[in-house]
Amino acid sequence: MGKINNILLTNSEIIKWKDNLKGLALQIPHRYYHGINNENISGDYIDNSKNLDICFDCLNLEDCKYCSFAGYQTKDLLDCDYTGAGSELCYEVLSAISLNKCAFIYYGTALSDCYYCKCCFSSSNLFACVGLNHKQYCILNKQYTKEEYEVLVPQIIEYIIKTGEFGEFLPSSISP
């Protein structure tokens, strides 16, 4: 305890100690990755997966890129975190399971063909909805017929592509 009290923690001392630690770390061998039963992967802590690019803490994934904490029979994900349990064909999803053909989802379960949704469950064909459960063909939480939905959504997407806001979860103009 006496030596610790004698160390002056100035900025220059902290930098010196960090440099010492980096030097020590370079002298100790480290595993380049942790995992088993993988084929064509890059990342770390991956098991039973194939065709992953820059993924971390994943299990049973296939054909995914830029994912973390994902898995359990999941395929074709891009930019997804905390996603899995049979999810497929998803883009920019956070904290959701059992999704099929979904993009820009935050927290949801059992969704299909949903885009820009938050806290939705057991639903399909939603666009820009929040907090819906067991719903279909809704835009901004308003119910539409299947025919109306299939006409309106492509028009909305065309408009937000023109404004440059399509393609990310929340456009910077409305994201704090």
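To be clear, the structure that these remarks concern was listed above.
Residues numbered from 1 in each chain as written. Predicted model: local features only at pLDDT ≥ 70, side-chain atom pairs only at ≥ 80, totals over all residues. Heavy atoms only, no water.

### Examining unusual backbone geometry
Argument step 1. The phi dihedral of Lys 101 falls on the positive side, at around 50°, and the residue is not glycine.
Argument step 2. Assignment of secondary structure puts Lys 101 in strand S5 (residues 88–127).
Argument step 3. Overall, Lys 101 belongs to the partly exposed group, its relative accessible area being 38%.
Argument step 4. Unusually for a residue other than glycine, Asn 125 sits at a positive phi of about 55°.
Argument step 5. Tracing the backbone shows Asn 125 in strand S5.
Argument step 6. Its relative accessible area of 17% is what places Asn 125 among the buried residues. (Helix = DSSP H or I, 4+ residues; strand = E, 2+ residues; numbered from the N terminus. Buried < 20%, exposed > 50% of the residue type's maximum accessible area, 1.4 Å probe, protein only.)

### What about the state of the cysteines?
Every disulfide links exactly two cysteines, by a covalent bond between their sulfur atoms.
Argument step 1. Inspection of every chain in the model, using the stated rule, returns zero disulfides.
Argument step 2. Cys 58 carries a free sulfur, and the closest cysteine sulfur to it, the one in Cys 55, is 4.9 Å from it.
Argument step 3. For the unlinked cysteine Cys 119, the closest cysteine sulfur is that of Cys 120, found at 7.3 Å.
Argument step 4. A residue is classified by how much of its surface remains accessible, and Cys 119, at 24% relative accessible area, is partly exposed. (Disulfide = S-S within 2.5 Å.)

### Focus on the pairing of strand S6 (residues 136–139)
Argument step 1. Of the pairings in the sheet, the one linking S5 to S6 comprises three bridges and is parallel in character. Note on S6: the bridge partner recorded for Phe 127 is Ile 139.
Argument step 2. Direction of pairing for S6 relative to strand S7 (residues 142–143): antiparallel, over a ladder of two bridges. Bridged to Ile 139 within S7 is Lys 142.
Argument step 3. Counted along the chain from S6 to the antiparallel partner S7, the turn is two residues long, and its residue Leu 140 has a positive phi close to 50°. (Pairing = 2+ DSSP bridges.)

### Some words on the side chain of Ser 124
Argument step 1. Tracing the chain through its elements places Ser 124 in strand S5.
Argument step 2. Aside from chain neighbours lying at most four places away, what touches Ser 124 is Ser 112, Cys 114, Lys 135, Gln 136 and Tyr 137. (Contact = heavy atoms within 4.5 Å.)

### Quick word on the side chain of Ser 49
Argument step 1. Tracing the backbone through its elements, the reader meets Ser 49 in the loop between strand S2 (39–47) and strand S3 (50–65).
Argument step 2. On the accessibility criterion, Ser 49 (4% relative accessible area) is buried.
Argument step 3. Of the polar contacts made by the side chain of Ser 49, one reaches the backbone nitrogen of Asn 60; its length is 3.3 Å.
Argument step 4. The contacts of Ser 49, once residues within four sequence positions are left out, are Asn 37, Asn 38, Glu 39, Ile 41, Leu 59, Asn 60 and Leu 61. (Polar contact = N/O pair within 3.5 Å; in protein donor to acceptor, adjacent residues only side chain to side chain.)

### Description of the sheet that holds S2
Argument step 1. Overall, mixed pairing links the seven strands, which are arranged S1-S2-S3-S4-S5-S6-S7 in an open sheet. Both edges of this open sheet fall to strand S1 (35–36) and S7, since each of them pairs with a single strand only.
Argument step 2. Across the face of the sheet, helix H3 (residues 146–162) comes into contact with S5 and S6 while running at roughly 150° to S5. (Axes fitted to C-alpha atoms, helices over the stretch in contact; angles between N-to-C directions.)

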